[in-house]
Amino acid sequence: MTVGMSDLFVKICGLRTARDVDVAVEAGADAVGFVFAASPRTVDAETARRLSGRVPDHVLTVGVFRGQSMEEVRRLTEESGIRAVQFHGDEGPAYYEALRAPGRTLIRATAAGELPVRCGELDEDLLLLDAPDPGSGTPWNWASPRFTAPEGRWLLAGGLHPDNVRQAVEATGAWGVDVSSGVESERGVKSEQLIRAFVAAARG
Ligand SMILES: O=C(O)c1ccccc1N[C@@H]1O[C@H](COP(=O)(O)O)[C@@H](O)[C@H]1O
């Protein structure tokens, strides 16, 4: 898997317009996310395909799924042409086996808890630790002394924004970060200023 050109991997998620995509790429994001799960940010396959066409090869295009059938995930992935699949529900090993394809990155999102987790448990390439309510802008207690950082490559998400992302990275040692709500001016509407501020702050 080839991902990221910088020290800290930064993904900007929930993009819906060409302007969102252009700003995220210009700001230096390593990945851009298109939400296929039920959300105020949902896009269809045609929109994701059109927006992905604006993304240079060094930036990973990610489709976000939650509780969808394997057939729907497969169809949306193929129709949109996105290069990575991010599972946010309780998708089991059969999903990873079915969606594994050459050049495709598989991301497993799980709610952060006190039990240790490891990247690769379900054959994923990247692990994502998030709050229980993904996409809500709610943080989890990543600063807790009881939190054990996972082994392997993992992304931190949940309630991140330009003012807390650097502190979160330093506290957890995360390999990368993922954000949606924290770069919006209102729910579902991305802010150019906040996207730029987030990427710059994340990398310190
Ligand atoms: O963004 C959504 O609407 C969404 C819906 C369903 C599953 C995942 C979703 N987004 C993911 O949630 C986190 C970002 O959360 P936050 O808004 O920054 O707190 C990130 O992993 C997104 O990919």
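Look up: the structure comes first, before these words.
What you see is a predicted model; the values in this text were computed from it and never measured.

(A) Examining the environment of Asp-7 more closely. Topologically, Asp-7 is positioned in the segment before strand 1 (9–12). Residue class for Asp-7 comes out exposed when judged on the 9 C-beta atoms lying within 10 Å of it. When the C-alpha positions of Asp-7 and Glu-71 are compared, they lie 36 Å apart, and in sequence the two are 64 residues distant.

(B) The arrangement of the sheet that holds strand 1 in detail. With respect to topology, 8 strands assemble into a closed barrel ordered 1-2-3-4-5-6-7-8, the strand pairing being parallel. This sheet shows a mean twist of 25° between the axes of neighbouring strands, independent of strand direction. Bridge count for strand 1 against strand 2 (residues 31–35) is 2 bridges, and the pairing is parallel. Residue Ile-12 lies in a different strand from strand 2, and its bridge partner there is Val-32. Of the strands in this sheet, strand 2, strand 3 (60–65) and strand 4 (84–87) touch helix 3 (residues 70–80), which is tilted by about 155° from strand 3.

(C) Looking closely at the environment of Gly-173. Checked against the element boundaries, Gly-173 lands in the loop between helix 5 (165–172) and strand 8 (176–179). For Gly-173, a count of 10 C-beta atoms within 10 Å gives the class exposed. Placed 50 residues apart in sequence, Gly-173 and Asp-123 show a C-alpha to C-alpha distance of 22 Å.

(D) Geometry of the site of the ligand. Taken together, 26 residues form the shell around the ligand, and within it Ser-39, Pro-134, Gly-135, Ser-180 and Ser-181 come nearest. Sorting the residues of the shell around the ligand by element identifies strand 2, strand 6 (126–130) and strand 8 as the ones contributing at least two each. Broken down by class, the residue content of the shell around the ligand amounts to 10 nonpolar, 12 polar and 4 charged.

(E) Focus on the pairing of strand 7 (residues 154–157). Residues of strand 7 alternate between two faces, with Trp-154 and Leu-156 on one and Leu-155 and Ala-157 on the opposite face, all of them buried. As defined by bridge partners, strand 7 adjoins strand 8 across 3 bridges and the pair is classed as parallel. Within strand 8, the position partnered with Ala-157 by the bridge is Asp-178. Chirality of the crossover, the property in question, places the unit of strand 7, helix 5 and strand 8 among those that are right-handed.

(F) View of helix 5. For helix 5, the complete set of buried residues consists of Val-165, Ala-168 and Val-169. The arc enclosing the buried residues of helix 5, seen along the axis, measures out at 100°, which places them on a common side. Looking at the packing, one finds that the buried side of helix 5 touches strand 7, strand 8 and helix 6 (192–202).

(G) Representation of the pairing of strand 3 in the model. Burial analysis of strand 3 places 6 of its 6 residues in the buried class, the great majority of the element. Bridging between strand 2 and strand 3 involves 5 bridges; their strand directions are parallel. Looking at strand 3, one finds that Ala-31 is bridged to Leu-60. As paired strands, strand 3 and strand 4 are joined by 4 bridges and run parallel to one another. Across the sheet, Val-62 pairs through a bridge with Ala-84, a residue of strand 4. At this point the chain moves from strand 3, through helix 3, to the parallel strand 4, and the crossover so formed is right-handed.

Cut-off values and rules
Residues numbered from 1 in each chain as written. Predicted model: local features only at pLDDT ≥ 70, side-chain atom pairs only at ≥ 80, totals over all residues. Helix = DSSP H or I, 4+ residues; strand = E, 2+ residues; numbered from the N terminus. Buried ≥ 20, exposed ≤ 12 C-beta atoms within 10 Å, placed from the backbone. Pairing = 2+ DSSP bridges. Axes fitted to C-alpha atoms, helices over the stretch in contact; angles between N-to-C directions. Contact = placed C-beta atoms within 7 Å. Near = placed C-beta within 6 Å. Nonpolar A, V, L, I, M, F, W, Y, C, P; charged D, E, K, R; others polar. Right-handed = clockwise from strand over helix to strand, strands pointing away. Arc of directions from axis to C-beta.

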